[in-house]
Each structure stands twice: as structure tokens, then as C-alpha cells.
Amino acid sequence: MRNEFSKKAEDIISSNPKTVFITGDLGYNALENIQKIAKERFINAGVAEQNMVGVAAGLAYKGFETFVYSIAPFAVFRCLEQIKIDVCIHNLPVYIVGNGGGYGYGIMGATHHAIEDIACLSPLPNMTCWVPAFKEDVAFCLNQITDQKKPAYLRLGLGKPYPAAIAISKINKIVASESPRITIIALGPVVHNVLEAIPENKNIDLFTILAIPLVKLSDELIKSLSETKKIIVIEEHVERGGLGEHLLSILAKMSIKNIEYVSLHAKGYPSKLYGNQAFHQKESGLDSENIRKEITKLLEV
Amino acid sequence: MEYKNKQKILRKKLLSLYFEANAGHIGCSLSCIDLLIALFEIKTVSERVILSKGHAAAALYTILNSTGEISDETLATFYKNGTKLSAHPSANLFTNIPFALGSLGHGFPIGCGIAYANKLQNNSENVYVLMSDGETNEGTTWEAAHFAVAKKLDNIVVLIDKNKLQGFGFTKDILGDTADINKWKSIGFDIIEEDGHDVEKLFSSINLLKNKKNGMPKLIIANTVKGKGVNFMENKMEWHYLPMNEDMYKKALSSVEENYA
């Protein structure tokens, strides 16, 4: 999604002179064009993420919409207090862009993973976390972000194109079945593992959710949940503070009762061993084989 | 001479605020109030002073009361439930309190962003950041310092309120002198070290620095005394924290009267 991001960002920067792009010394083979287009509006702030976010807040205070780019863990955790106070409390248009959310940086190891980013950022005032699932979602999210002009986090991963073109919104129905028995809701590109798991689907409604905090559910999603009363939430993020918990807090306030709920989520490093993104997904049960098993199990309930 | 009366009046106001609120942070406000007097004389309407040492908020409130931005009625709500005037500055309420500050190390990076924005907008505004010397312990201070030099932000003026005391001891005994002039010189700052209680000198030093468009960020290392103007508070760590009882308050007022007669 990094290419989709940089292409869209190039458009934004060339069409809006009141945008600034800051990187924390990363972006080789991705940000070169942005640098060329933005000229003095492109800042390499060095390996200094806290200062980078404070600088972004100062620029935003003076009227510049400011992108702050790094890999997801560096863009979120080191500078969390700057995001909370400098950006969110002042409700400034600073857009944090984290590449490689979840286990995206695979074999790079735990320092390079971001599996608690949504939990850290989504409770902050005025903040919205955007998690594209398919390549085309990136431009949609950026349009939303630049329309809203408030604090935002964009979590990029390895996305593929939509199987069939759809009108993208914050909640998307990716797969519809005629007689749904399970509703699967996915966060981010891990949706591709779900698609792999259900090649001949007859019973699954599959949704993606792109924005957290989850404010309200779509009519389509409510209808599906009311029919199936069985949910699998799948996210490359820890259970606490992730999509699942956001969803449960909404469901608890609604009249849909007796729902069977399964959460598939990042479990950290259960075997204490390391590998590529697919390895870590498998360790956490986010791989297509396990998803298939969970579906079978839930159908039998 | 010109400022002596102002220094006295504002100190007495400051003391009454703290006394009414039964609150601490008196020493750190007294150490930087003269810097704020000078800064608010110098800044233009659209320029901003960022009080990065947010624990001295009462000094800022007192100044903004004298400029008319904070009314007497509002000032009287300091520390009370439902106030706009929390112990550390709150966001989004007053033009000249542009940011919520109080977690140390935030104001300087924000100031760098404003300075960079001013360059992009081709305006001649400066931005002023007032930090404590304890605050120069923070890593962000050094990130921002190198940023300001690398990006040639000659439109930022940083003032370090160097009272040599911090949260739990003397700076020299904790991490050493992180506000040392040679350290800051070696990074590339244009620096004047100055008596932080001589408003006239501060006024001319800040003016001198801000008008030098030489590609270098500016720094005033202001040698100050914690609790300045109240003899029994001066250079005492406990006046970072303690509130005054009535007897102390009276003594403090007469000490100010004597020192600024």
C-alpha cells in the first residue's frame, strides 16, 4: 500500500500548497517523488520521532496540514505523548502514517511490529485510526482524512486489489452470501487470509471496517449480525483495544442478543520464535487454514 | 528602573494568586516572570510565546491579566473547579495560551514547527519558547535543538530560565549542566547569557538576537534565582512545591516591597 499511499500523497501535496510532509528519516524507494514535488514542504526530521510530531503540531497550528511518516511502530509508540498532547488535545490536522502495521515487518522482529497501535491511538481525543484492507482503500482513507482535517492515523500494510470493484465506505461488505450463517469482520489486509479461507462460500458474510473508533454499524452489517448471530472478528492487532472490543461495546448497547463471538487476533510471540509476516499470522491463528477451522467450528455450534 | 514597578506589581499579584489558591510552583514562577515581562513587551500581536515550562502558568496568567487578555474575574478562578486557569496551561481557551503545556520537553519542538511554518509563509514573525533548565534534561530538547540548527531557524528565540534547581535537587547534582553555554554553542546556537532578572538588558538582548537573520537559532541563557524577589524563597527547592500560609504571604509581600522599592 506504500505505493498507493505515495501516489495519492503526491496528488494532495501538488494540489494543496498548505500541506507539509515530514519523515522520520525513512521512505527509501517510496518518498522520492514526494520529496521532489514538495520541495521545502518536505522535511526529513531525522531519527527523532518525538520532535517530529511536535514540529508537525507547530506547522498545523500555523495552518499546514501535516503528514508524519515512519514505520508504524516508530510513528506511534515513541512519540505517543506528543500525539496525545501536541496533536490530539489541540485537534490539529496532523496525519500520522505508519507503514507496516501489525506484523508487517515480519522477520525484522518485535521492535518493528505494531500490534498495539490502534489500542494506543484510538482512545485519544479527536483521533481516528484508518486501516485500509485493499489497495483501493488507501485513497479513500486519505480523502476522508484530508476532508476531516483532524488528527488521523493511517495504518498501511500489504494490500491486494479488490476482487470486484465496489463503492468504498467506512464499512464494506466484501462477500455476501444468500443464506448467511456467520458474519466475519476483518481489520486491514488480513482480510486476504479470510478470502483464501472461503473460496466456495455459501454461508459467510464478510465485512471490512476501515475506521476506528467505531461509531456506528452500517445497516447491512446490522442486518447480517441479526441474521447470523455468529461473529468472527479477525485483526492483526492484540485483542485489548482492537476492533473486536470496539465492536463488542457497540453490540452491548444494541438489541441483538445471544451472539456467538470469536476473536482472532495477534497473540504476540507465543512460541518466542520469529519469522515473516505469514509465520506470525499463523502463530496467532490468523492464517487461512485456522480461519477455515474456526468457521467450521462455529457453524457446528 | 523603568520596569521595577511592573516587576513589583506583577510579583504581588502572582503571590496573591498562589495564596488564594493555596498552591505551589511559586519559586519557578518568580524565576521566570521577568523573562515573560520582556517577551510580552517584544512580541507582536501575531507572534506567540510558548511557555514550555508550563508549571509557571500563574506567571503567564498574571502577565495576560496585565495585558487585558485575562480579566480579573477569570484570574480569580485560578485553581478552582470550573476554571479556565489550571495549574498548567490548558489548550484552546486564550489566544496567547496556544498550547497545553506542562509535560516538559514539548514546547521547543512545537516552536520549531511554528518557526518552519513562518519560513514557508515568508512572514517575518518570530516565535519565542521559554524553557526551564531542568527541561533541558529532556531528549526532545536535543532533538529540537539539532532540528532548529539544521533547518536554519533563525526566527526562533529560546529562553532558558536557568535557576539551577529542578524537581528534586540542584541541576549540577542530577544530570549536570544541560543548559551549559558551550554545549549549546557547539550545536550552533547564537547565544547571549544574561541576567534573567534585568528586564532592560533582557529586552535589548532578545531584540538584538531576533533581528539577526543569520541562519542560526537564538538562545538566551537567563541566569535566574528560583523564588526571586522573596528573600526566604530564593534558591530554595521547597518553593517549587510549597503553598504559603497567611504569615508567609505577608512576609513575602513585604519582601517584594523592599526589593523593588
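Brief notes about the overall build of chain B
Thinking step 1. Counting secondary structure elements, chain B contains 10 helices and seven strands.
Thinking step 2. Taken against the 2.2 N^0.38 rule, which gives 18 Å for 261 residues, the C-alpha radius of gyration of chain B at 17 Å falls within 12% of a compact globule.
Thinking step 3. On the principal axes, the C-alpha backbone points of chain B span a range of 50 × 40 × 35 Å.
Thinking step 4. Buried positions account for 51% of the 261 residues belonging to chain B.

Digging into the overall build of chain A
Thinking step 1. Counting secondary structure elements, chain A contains 12 helices and 12 strands.
Thinking step 2. Computed over C-alpha atoms, the radius of gyration of chain A comes to 19 Å, within 12% of the 19 Å expected from 2.2 N^0.38 for 301 residues, which places it in the range of a compact globule.
Thinking step 3. When the backbone C-alpha atoms are referred to their principal axes, chain A occupies close to 60 × 40 × 35 Å.
Thinking step 4. Buried residues in chain A amount to 51% of all 301 residues.
Thinking step 5. Taking the contacts inside chain A whose residues are at least 6 apart along the sequence as the reference set, 76% of them involve residues at least 24 apart.

So, the sheet that holds strand S9 (residues 204-209) of chain A
Within a beta sheet, neighbouring strands are joined by backbone hydrogen bonds and run either parallel or antiparallel to one another.
All names here are of chain A.
Thinking step 1. Taken in spatial order, the five strands line up as S7-S9-S8-S11-S12 in an open sheet, and their pairing is mixed. The sheet is open, and its two edges are formed by strand S7 (171-175) and strand S12 (260-264), each paired on a single side. Each strand of the sheet is rotated relative to its neighbour by a mean of 20°, with strand direction disregarded.
Thinking step 2. Relative to S9, strand S8 (residues 182-187) is paired through five bridges, and the arrangement is parallel. Bridging from a neighbouring strand, Ile182 pairs with Ile204 of S9.
Thinking step 3. Seen against the sheet, helix H10 (residues 243-252) touches S8, S9, strand S11 (230-235) and S12 and runs at an angle of roughly 145° to S11.

Notes on the nonpolar core
Thinking step 1. Counting residues in each nonpolar core, the largest one holds 163 residues, and the members touching the most others are Ile22(A), Val68(A) and Leu130(B).
Thinking step 2. Here this core takes 10 residues from helix H2 (residues 26-42) of chain B, the largest share from any one element.
Thinking step 3. A domain-level breakdown of this core finds at least three residues from each of domain 1 (2-156) and domain 2 (171-300) of chain A.

Points about the interface of chain B and chain A
Thinking step 1. Counting residues at the interface gives 22 residues for chain B and 21 residues for chain A.
Thinking step 2. Within the residue set of the side of chain B that touches chain A, elements represented by two or more residues are helix H5 (107-120) and helix H6 (139-150) of chain B.
Thinking step 3. Ranked by residue count, the leading element in the side of chain B that touches chain A is H5(B), at nine residues.
Thinking step 4. Looking at the side of chain B that touches chain A residue by residue, the classes come out as 13 nonpolar, eight polar and one charged.

Here we look at the domain arrangement of chain A
All names here are of chain A.
Thinking step 1. Assigned domains of chain A: these are domain 1 (2-156) and domain 2 (171-300).
Thinking step 2. Once you take the C-alpha centre of each, domain 1 and domain 2 turn out to be 26 Å apart.
Thinking step 3. Those elements that provide at least two residues to the side of domain 1 that touches domain 2 are helix H6 (117-121), strand S5 (128-130) and helix H7 (137-148).
Thinking step 4. It is S5 that contributes the most residues to the side of domain 1 that touches domain 2, three residues altogether.
Thinking step 5. In terms of residue class, the side of domain 1 that touches domain 2 is made up of 12 nonpolar, seven polar and three charged.

Describing H7(A)
Turn by turn, an α-helix covers 3.6 residues, leaving residues three or four places apart pointing in a common direction.
Residue and element names in this part refer to chain A.
Thinking step 1. For H7, built from 12 residues, the straight-helix expectation of 16 Å at 1.5 Å per residue is met to within 8% by its first-to-last C-alpha distance of 16 Å.
Thinking step 2. For H7, the complete set of buried residues consists of Asp137, Val138, Cys141, Leu142 and Ile145. Seen end-on, H7 carries its buried residues on one side only, within an arc spanning 130°.
Thinking step 3. Elements in contact with the buried residues of H7: helix H1 (2-15), strand S4 (94-99), S5 and strand S6 (152-156).
Thinking step 4. Two residues or fewer past H7, Lys149 is found with a positive phi of approximately 55°.

Some remarks on the packing of helix H3 (residues 49-61) of chain A against helix H5 (residues 80-89) of chain A
All names here are of chain A.
Thinking step 1. Look at H3 against H5: their axes get within 9 Å of each other, and the N-to-C directions meet at 10°. Between H3 and H5, the angle is such that the two are roughly parallel. Taken together, the residues of H5 that come into contact with H3 (itself represented by Gln50, Val53, Gly54 and Ala57) are Gln82, Ile83, Asp86 and Val87.

Focus on the environment of Asn3(A)
All names here are of chain A.
Thinking step 1. In this structure, Asn3 sits in helix H1.
Thinking step 2. Residue Asn3 is classed as exposed on the basis of its 11 C-beta neighbours within 10 Å.
Thinking step 3. The spatial distance from the C-alpha of Asn3 to the C-alpha of Lys135 is 9.2 Å, given a sequence separation of 132 residues.

Notes on the pairing of strand S7 (residues 218-223) of chain B
Residue and element names in this part refer to chain B.
Thinking step 1. Of all six residues in S7, five are buried; the element is thus mostly enclosed.
Thinking step 2. Pairing analysis gives six bridges linking strand S3 (residues 156-162) to S7, with the strands arranged parallel. Within S7, the residue paired with Val158 across the bridge is Leu219.
Thinking step 3. Two strands pair when backbone bridges link them, and strand S6 (residues 190-195) and S7 are joined in this way by six bridges, in the parallel orientation. Bridged to Ile191 within S7 is Leu219.

Some remarks on the environment of Glu49(A)
Residues and elements named next belong to chain A.
Thinking step 1. By secondary structure assignment, the location of Glu49 is in helix H3.
Thinking step 2. C-beta crowding within 10 Å serves as the criterion here: with 25 such atoms nearby, Glu49 is assigned to the buried category.
Thinking step 3. Note: C-alpha distance between Glu49 and Cys79 (30 residues apart in sequence) is 5.9 Å.
Thinking step 4. Apart from residues lying up to four places away in sequence, Glu49 is in contact with Gly24, Ser70, Phe74, Ala75, Arg78 and Cys79.

Brief notes about the packing of H5(B) against H6(B)
Residue and element names in this part refer to chain B.
Thinking step 1. For the pair H5 and H6, the least separation of the axes is 8 Å and the interaxial angle reads 20°. In terms of their interaxial angle, H5 and H6 are classed as roughly parallel. In the crossing of H5 with H6, the sense of the turn from one axis to the other is left-handed. Where H5 approaches H6, its residues Phe108, Pro109 and Cys112 are matched on the opposing element by Thr140, Thr141, Glu143, Ala144, Phe147 and Ala148.
Thinking step 2. Split into classes, the residues belonging to the contact of H5 with H6 amount to six nonpolar, two polar and one charged.

As for unusual backbone geometry
Thinking step 1. Here the amide bond leading from Ile212(A) into Pro213(A) is cis, since omega sits at 10°, within 30 degrees of zero.
Thinking step 2. With phi around 50°, Asn91(A) is a residue other than glycine that occupies positive phi space.
Thinking step 3. With respect to the helices, strands and loops of the structure, Asn91(A) is situated in the loop between H5 and S4.
Thinking step 4. A positive phi is found at Lys164(B), a non-glycine position, where the angle reads about 70°.

Rules and cut-offs
- Residues numbered from 1 in each chain as written.
- Chains lettered and ligands numbered in written order.
- Predicted model: local features only at pLDDT ≥ 70, side-chain atom pairs only at ≥ 80, totals over all residues.
- Helix = DSSP H or I, 4+ residues; strand = E, 2+ residues; numbered from the N terminus.
- Rg over C-alpha atoms; globule rule 2.2 N^0.38 Å.
- Buried ≥ 20, exposed ≤ 12 C-beta atoms within 10 Å, placed from the backbone.
- Contact = placed C-beta atoms within 7 Å.
- Pairing = 2+ DSSP bridges.
- Axes fitted to C-alpha atoms, helices over the stretch in contact; angles between N-to-C directions.
- Core = buried A, V, L, I, M, F, W, Y, C linked by C-beta atoms within 7 Å.
- Domains from an automatic or database assignment.
- Nonpolar A, V, L, I, M, F, W, Y, C, P; charged D, E, K, R; others polar.
- Expected span 1.5 Å × (residues − 1).
- Arc of directions from axis to C-beta.
- Parallel < 35°, antiparallel > 145°, perpendicular 65-115°, else oblique.
- Left-handed = near helix turned anticlockwise from the far one by under 90°.

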